[in-house]
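An overview of the molecular structure
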Amino acid sequence: MTEEFAPLRIKRVVRETCDAVSLVLDVPTDRAQVFRYRAGQFVTLQVDVGGEPQRRCYSMSSSPHCGDELQITIKRDPGGLVSNWLNDTAAAGDEISVAPPEGRFVLGEDERDIVAFAGGSGITPIFSLIGSALADSARRVRLFYANRSRNSVIFADSLTALAAANPDRLTVTHHFDDESGVVSRAVVESFLDVTADADYYICGPGPFMDTTEQTLLGSGVPRTRLHLERFQVAPLPSDAVNGSGEVTEKIVIELDRKTTTADYRKGNTLLQTARMAGLRAPSSCETGSCGTCMARIVCGSARMLNNDALDDDEVAEGWVLTCQSLPTSPTVHVVYE
């Protein structure tokens, strides 16, 4: 990821719900090209909280095909240092450091119809995708949107207006946990139409995404049609550290035409190892979704805990997401190209 953070002024703060805000960012004319984006992408913010620099990724909720100003939406999260700080303190006129847009959670070129599953703030990139799909294609869109309750629905009025304006192309189905229980496999199955020629987009809390993904795959949806965007880092599985039985000692890292050999500390990912060696390895989401940290293993092996960014051909060629990769051989040689 480029380190060229730019100071952008917050033009407006929109209170979406009691625990979610949208920040409309003022992009200067001389930065317009740098901040061009595709629907579904995100930006990385760098902020100072309590004297400590923090970086977080937030998806655009605006659509580049609708003439929208650049907007990100942030939901308060229990224990979320930056999300809570932004909800509490962000104000019009403030400047915030923002890196250029990134991400692969975008519309495909085949213009297949869209079936989207959003949970809570997972609506953010999907709302951007829907806006572009309706404005720039003939795609039809079906949205399943789950929330804790009716008063926690982000973009409620906007979704209602979009559906009313596009009655033949957009249908929105709401699910409220406090009325119908948490989303189950049966609920997802009841929404599915597996005969549809569609791409499937999923974004939301981990359990919601896992249930939806497993149900879609079990119903015959090809994995190549699934697109996932994760906001949270999945916990390490119990066998993640020494699942291979190999003891890793050294990690060789090629970055910016320099080669560094680092001692390996048990349990660290390749990205964490690079950082501990003092290297500024590229990274962004750190959940295995964006592909920013991808590098190629030329010797040795590693296990990816989560991969929502690389396709099968890339994995076969040795590419890994270093933020999600644990070494599984005595030595691993990884190259950032």
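Residues numbered from 1 in each chain as written. Predicted model: local features only at pLDDT ≥ 70, side-chain atom pairs only at ≥ 80, totals over all residues. Heavy atoms only, no water.

1. A closer look at the sheet that holds strand β6 (residues 95–98)
For clarity, the threshold we go by: Strands pair, by our definition, only if DSSP identifies at least two bridges between them. Counting from the N terminus, the helices are DSSP H or I runs at least four residues long and the strands are E runs at least two residues long. The angle between two axes is taken between their N-to-C directions and runs from 0 to 180 degrees, where each axis is a line fitted to C-alpha atoms and a helix contributes only its stretch in contact. Contacts were defined at the residue level, with two residues in contact if any of their heavy atoms lie within 4.5 Å.
In spatial order, the strands read β4-β3-β6-β1-β2-β5; together these six strands make up an open sheet with antiparallel pairing. This sheet does not close on itself; its edge strands, each paired only once, are β4 (52–59) and β5 (71–75). Taken over all neighbouring pairs, the strand axes of this sheet differ in orientation by 40° on average, direction set aside. As paired strands, strand β2 (residues 20–26) and β5 are joined by five bridges and run antiparallel to one another. Each bridged residue has a counterpart across the sheet, and for Ser-22 the counterpart in β5 is Thr-73. Sitting on the sheet, helix α1 (residues 81–89) is in contact with β1 (6–17), β2, β3 (42–49), β4, β5 and β6, with an inclination near 85° to β4.

2. Side note on a negative patch on the surface
Note the following rule: Residues qualify for a patch when their relative accessible area is over 30% and they have no salt bridge, like charges being joined within 9 Å and the nonpolar side chains of Val, Leu, Ile, Met, Phe, Trp and Tyr within 5 Å. Areas reported here follow the Shrake-Rupley algorithm with a probe of radius 1.4 Å; residue values treat only the protein chains shown as occluding. The working definition used for a salt bridge is a side-chain nitrogen of Lys or Arg within 4 Å of a carboxyl oxygen of Asp or Glu. For the charge count, each Lys or Arg is scored as positive and each Asp or Glu as negative, with His and the chain ends excluded. For the purpose of locating charges, the reference atoms are NZ of Lys, CZ of Arg, CG of Asp and CD of Glu.
On the surface, a cluster of negative charge is made up of Asp-311, Asp-312, Asp-313 and Glu-317. Mapped onto the fold, Asp-313 is located in helix α8 (residues 312–316).

3. Brief notes about the environment of Ala-133
Using the following cut-off: Note on classification: 1.4 Å probe, protein chains only; a residue is buried when its accessible area is under 20% of the maximum for its type, exposed when over 50%, partly exposed between these limits.
With respect to the helices, strands and loops of the structure, Ala-133 is situated in helix α2 (residues 123–136). A relative accessible area of 0% means that Ala-133 is categorised as buried. Spatially, the C-alpha atoms of Ala-133 and Ile-114 are 8.4 Å apart, while their sequence positions differ by 19 residues. Ignoring anything within four residues of it in the chain, the contact list for Ala-133 reads Leu-107, Ile-114, Arg-139, Val-141 and Arg-169.

4. Points about helix α6 (residues 206–218)
Selection criterion: Helices are assigned an expected span. That span is 1.5 Å times one less than the residue count. The directions considered for the arc are those from the helix axis to the C-beta atoms.
For α6, with 13 residues, the first-to-last C-alpha span of 18 Å sits near the 18 Å given by 1.5 Å per residue. Here α6 has its buried residues at Phe-208, Met-209, Thr-212, Glu-213, Thr-215 and Leu-216. For α6, the arc enclosing every buried residue in end-on projection is 165°, short of the 170-degree limit, so these residues lie on one face. Exposed residues on α6 whose side chains face more than 90 degrees from its buried face are Pro-207 and Gly-218. Looking at the buried side of α6, the elements it contacts are β7 (113–119), β8 (141–147), α5 (185–191), β10 (198–204) and β11 (226–230). One or two residues past the end of α6 sits Gly-220, with phi positive at roughly 100°.

5. Focus on unusual backbone geometry
Of note in the backbone geometry, Asp-256 takes a positive phi value of approximately 55° without being a glycine. A positive phi angle, near 65°, is found at Arg-257, a position not held by glycine. Inspection of the secondary structure puts Arg-257 in the loop between β12 (250–255) and β13 (258–263).

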